[in-house]
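Coordinate analysis (summary)
Next come the chains, spelled out residue by residue.
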Amino acid sequence: MAWQEKIEKHLKGVKRNESLKNHTSLGVGGLAQFFYFAKDFDDLIKAVSVARNAGAPYRVIGRGTNIIFSDLGFEGLLIVNNSNDLVIDQESGRIIADSGVALSRLILEAASAGLGGLEPLYGIPGSVGGAIIGNCGAHGVSIGDAVLSASLLVSSDKIVSFPSSWFKFGYRTSILKYQKNEAPPVVLKVIFQLQRRRKENVLEEIAKYKKWREIHQPLGEKTCGSIFKNPAQTDNIVGTPLKEKSAGYLLEQVGAKKLRVGDARVSKKHANWIINAGQAKAIDVRTLIEKMRGLVEDNFKIILKEEIEYLGVWNEENYISASGDYRKN
Ligand SMILES: Cc1cc2nc3c(=O)[nH]c(=O)nc-3n(C[C@H](O)[C@H](O)[C@H](O)COP(=O)(O)OP(=O)(O)OC[C@H]3O[C@@H](n4cnc5c(N)ncnc54)[C@H](O)[C@@H]3O)c2cc1C
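Only a predicted model underlies this, so the values are computations on that prediction, with no experimental measurement involved. (Residues numbered from 1 in each chain as written. Predicted model: local features only at pLDDT ≥ 70, side-chain atom pairs only at ≥ 80, totals over all residues. Heavy atoms only, no water.)

**Brief notes about the overall build of the chain**
From N to C terminus, the chain includes 7 helices and 18 strands. For a compact globule of 329 residues, the expected C-alpha radius of gyration is about 20 Å, and the chain comes in at 20 Å, within 12% of that figure. Seen through its C-alpha atoms, the chain measures out along the principal axes to roughly 55 × 50 × 30 Å. In the chain, buried positions account for 53% of the 329 residues. Sequence-distant contacts, at least 24 apart, represent 64% of the contacts inside the chain between residues at least 6 apart. (Helix = DSSP H or I, 4+ residues; strand = E, 2+ residues; numbered from the N terminus. Rg over C-alpha atoms; globule rule 2.2 N^0.38 Å. Buried < 20%, exposed > 50% of the residue type's maximum accessible area, 1.4 Å probe, protein only. Contact = heavy atoms within 4.5 Å.)

Take a look at the structure:
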């Protein structure tokens, strides 16, 4: 039996040809050949196990806020992870979160329990799993700073817990980022160590960072956050000479805010963000990304590297070379 038949036979509720536009914050991309919404922890394990046993390519995503799927879509089983258990031990400051828990919920519930440490990350619209993969962060604080350990599903029935050091957290990266593997390990649960703080102080910090985002980021638009990493390899740049090494600063200097390709345009508020202003295609976004990179390279001899990740089928039909040339589908 082919893997496609096995998926349909063993995974009740699986859909075919689901639009990826509906499952990513940028709203671009083709179709997922097979699509499954994992409503909780057991459901997530079941879906991944079915895919592994069937020999099907699969991918787990969280809120789809750091990825760009190609217009040619995703071949295999795409699993959206909505596992959502969150257990807080106020005494020890430890939190055990399912990988599908929204990061902002984790930070708010921690605050209610008088625990803090991750407030600068409030407002990042991703899940705990996605946050771990890319070691998301802001204002010099990254999620990895608070991770004690995390468990991974490494085969269809084997769960292994790894300490924080195993993940090799770095600036917007971890050992698990950019996996090209067709059967990648899946983050299941994460144990965090937060610090005991006064609830009012934590909530005040959260409000401060929320306000900062409202002022500096094009919230409410279809975006996927920062496109490029800062060449300074840190986001702790406000008020320091490193400001000149921020991707946003460099892009602003070269006039990137004027760029657009189709309905994909650079935000007027933040030169390192792309907005889907209507019916942008993934190819428009990727072409725009190459133009942005090209301008910075021409002017500063700095080659910006993506923070976002390209998923799905990117081949010679829709691949764009570094010079910005590309062949349309
Ligand atoms: C408005 C906005 C603001 C943002 N601000 C910030 C910011 O300040 N700092 C920052 O760092 N980022 C920011 N981002 C980017 C993004 O929100 C974060 O990187 C976030 O952590 C991604 O989480 P996600 O659940 O959306 O991951 P997804 O985009 O769904 O997935 C990202 C990667 O992780 C993998 N993955 C997801 N879950 C699992 C799992 N359980 N097991 C294995 N692999 C998994 C996916 O396959 C994919 O490779 C922002 C984005 C937006 C739209």
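**What to know about the domain arrangement of the chain**
Domains assigned within the chain are domain 1 (3-81), domain 2 (86-197) and domain 3 (218-322). Computed over C-alpha atoms only, the centres of domain 1 and domain 3 are separated by 27 Å. In this complex, domain 1 contributes 18 residues to the contact, which on the side of domain 3 involves 23 residues. Of the roughly 1,700 Å² buried between domain 1 and domain 3, counting both surfaces, carbon and sulfur atoms make up 59%. (Domains from an automatic or database assignment. Buried area = accessible area lost by both parts, 1.4 Å probe.)

**Section: the confidence of the model for the chain**
Looking at the chain as a whole, its pLDDT mean stands at 93, while 93% of the residues score no less than 70. Taken as a whole, residues 321-329 scores under 50 in pLDDT and shows 18 contacts with residues more than four places along the chain or in a different chain. (pLDDT = per-residue confidence, 0-100.)

**Looking at the packing of helix 1 (residues 3-10) against helix 2 (residues 41-54)**
Remark: helix 1 packs on helix 2, axes separated minimally by 9 Å, with the N-to-C direction vectors making an angle of 150°. The orientation of helix 1 relative to helix 2 falls into the category roughly antiparallel. Judged by the twist between their axes, the crossing of helix 1 over helix 2 is right-handed. Contacts between helix 1 and helix 2 involve Trp3, Lys6, Ile7 and His10 from the first element and Val50, Ala51 and Ala54 from the second. When grouped by side-chain class, the residues that make up the contact of helix 1 with helix 2 number 5 nonpolar, 1 polar and 1 charged. (Axes fitted to C-alpha atoms, helices over the stretch in contact; angles between N-to-C directions. Parallel < 35°, antiparallel > 145°, perpendicular 65-115°, else oblique. Left-handed = near helix turned anticlockwise from the far one by under 90°. Nonpolar A, V, L, I, M, F, W, Y, C, P; charged D, E, K, R; others polar.)

**With respect to the site of the ligand**
Taken together, 34 residues lie near the ligand, and Arg59, Val60, Thr65, Ser127 and Gly137 sit nearest. In the model, an oxygen atom of the ligand is placed 2.8 Å from a nitrogen or oxygen of the Gly64 main chain. Glu309 has a polar side-chain atom sitting 2.9 Å from an oxygen atom of the ligand. Considering the ligand on its own, with 980 Å² of exposed area, one finds that the protein chains cover 94% of that surface. (Near = heavy atom within 4 Å. Polar contact = N/O pair within 3.5 Å; in protein donor to acceptor, adjacent residues only side chain to side chain. Areas by Shrake-Rupley, 256 points an atom, 1.4 Å probe, with all protein chains shown as cover.)

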